[in-house]
Amino acid sequence: MDDVDQPYDDDVSKQEKIETLEEQLEVLESQNEEMRDELLDANAENNKYKQKLERLTHENKKLKQSPLFVATVQELTEDGVVIKQHGNNQEALTEVTEEMREEIEPDDRVAVNNSLSIVKTLEDETDVRARVMQVDQSPDVSYQDIGGLDDQVSEVRETVEMPLKSPEMFDEVGIDPPSGVLLHGPPGTGKTMLAKAVANQTDATFIKMAGSELVHKFIGEGAKLVRDLFELARQHEPSVLFIDEIDAIAAKRTDSKTSGDAEVQRTMMQLLSEMDGFDERGEIRIIAATNRFDMLDRAILRPGRFDRLIEVPKPDETGREQIFKIHTRGMNLAETVDFKSLAAEATDASGAEIKAICTEAGMFAIRDDRTEVTEADFRDAWEKIQAEESDDEVSKTFA
Ligand SMILES: Nc1ncnc2c1ncn2[C@@H]1O[C@H](COP(=O)(O)OP(=O)(O)OP(=O)(O)O)[C@@H](O)[C@H]1O
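So, how was this worked out
- Residues numbered from 1 in each chain as written.
- Predicted model: local features only at pLDDT ≥ 70, side-chain atom pairs only at ≥ 80, totals over all residues.
- Heavy atoms only, no water.
- UniProt positions renumbered as here; feature names shortened; annotations may be inferred.
- Pairing = 2+ DSSP bridges.
- Helix = DSSP H or I, 4+ residues; strand = E, 2+ residues; numbered from the N terminus.
- Axes fitted to C-alpha atoms, helices over the stretch in contact; angles between N-to-C directions.
- Contact = heavy atoms within 4.5 Å.

- As annotated in an unreviewed UniProt entry, the protein carries the name Proteasome-activating nucleotidase and is attributed to Halorhabdus tiamatea SARL4B.
- UniProt lists a comment for the protein under the heading Subcellular location (unreviewed entry), and it reads "Cytoplasm".
- The UniProt entry for the protein carries the following text under Subunit (unreviewed entry): "Homohexamer. The hexameric complex has a two-ring architecture resembling a top hat that caps the 20S proteasome core at one or both ends. Upon ATP-binding, the C-terminus of PAN interacts with the alpha-rings of the proteasome core by binding to the intersubunit pockets."

Quick look at the structure:
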């Protein structure tokens, strides 16, 4: 009987095993299915986050590029950071990231975007002003230091010096002196010297501002610097305000409508409005200079603005001779040095280049262990300077 039972029992237990395995397989299969679903969900989620990250990175980039406003941090509170916007003086509470919060302190200047979020911290205002505006109480240049510009010197004296020294003359005659004088001509021809000399002659403070420094990336910054500049000039009356490279803020309008251009326009409008609202007979005279007269926006040349144009060209032969003499006043020269022939040879040299020739000639003497500078030293110096300049040209062409 036992013999008959055995195979049957075996079959039953096999069958049971198969069933259990099949059940387990089913469970595993459904688990597998569930996990596959979860994986798909996770992948979908991952893709969603990736897209969000891309969008945020793009937005972040855009936020940093779009025009930014300048504000000062007032207070760091638990609810956020209180800022005061420049220009409209409005206060606002804004949130910042943890990292940004650690970076900023009250009184810091920051750049904020359209929604007033702080995008970055900025250089200190006093640093910017110090870099942009140069104040010289008594410049040490006099008319005698300027060679070859007799006509220009007399024009500057008439238009800038006279109104400062004898404003009553203009009152009595009943005319207004020119508002602003524009010096234009190639680099290194003495434009800055002329402005300094007139300030020296009239005991006025010389305030210099480079137009290129006035151009700022932040909305309202350039205009504010212009306002500050005129304020500074008022505080230092009598003063000569010298705006170098005015073409940087007063170039002809281009077709491009980038926010940078708009900011330059705003800076120029501020300059024009400061000039328009100016008391003509005041104790502040404005001189601007440019090497790029052709690029200027004609709006700045209208009456009441830069309405006196003075061309400052490169010196002619007599001018060059005078400039050589000026820059060798303190030098120990050999008796044979003939500036007339040097001036004839150094055609096309600007005043700044003649000054460089004189210094370099002195260097040749020193290298040769001599204390006296000879005419040959000047010739060698001119050759060296010309060679350096043509090297510069070549590297600029291939840059
Ligand atoms: N006419 C000149 N007489 C004497 N020195 C001159 C003359 N022109 C230029 N120089 C010398 O060259 C230097 C630079 O000149 P200055 O800064 O006045 O030129 P600029 O016309 O204002 O130049 P830029 O347009 O490059 O600003 C002066 O400090 C001076 O030493």
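## Thoughts on the sheet that holds strand E5 (residues 118-121)
Okay, step 1: Judged by pairing direction, the sheet is antiparallel, and its 5 strands sit side by side in the order E3-E2-E1-E4-E5 without closing on themselves. Of all strands in the sheet, those bounded by a partner on one side alone are strand E3 (91-94) and E5. Recorded for the sheet is a direction-independent mean angle of 40 degrees between the axes of neighbouring strands.
Okay, step 2: The pairing of strand E4 (residues 109-112) with E5 spans 3 bridges and is antiparallel. From the neighbouring strand, Val112 faces E5, where its bridge partner is Ile118.

## A closer look at the sheet that holds strand E8 (residues 205-210)
Okay, step 1: Pairing is mixed in the open sheet, where 6 strands are placed in the order E6-E8-E9-E10-E7-E11. Both edges of this open sheet fall to strand E6 (133-136) and strand E11 (308-311), since each of them pairs with a single strand only. Looking at each pair of strands side by side, their axes are set apart by 20 degrees on average, direction ignored.
Okay, step 2: Across 6 bridges, the pairing between E8 and strand E9 (residues 239-244) is parallel. The residue of E9 that forms the bridge with Phe206 is Val240.
Okay, step 3: Along the sheet, helix H6 (residues 191-201) makes contact with strand E7 (180-184), E8, E9 and strand E10 (284-290), crossing E9 at roughly 170 degrees.

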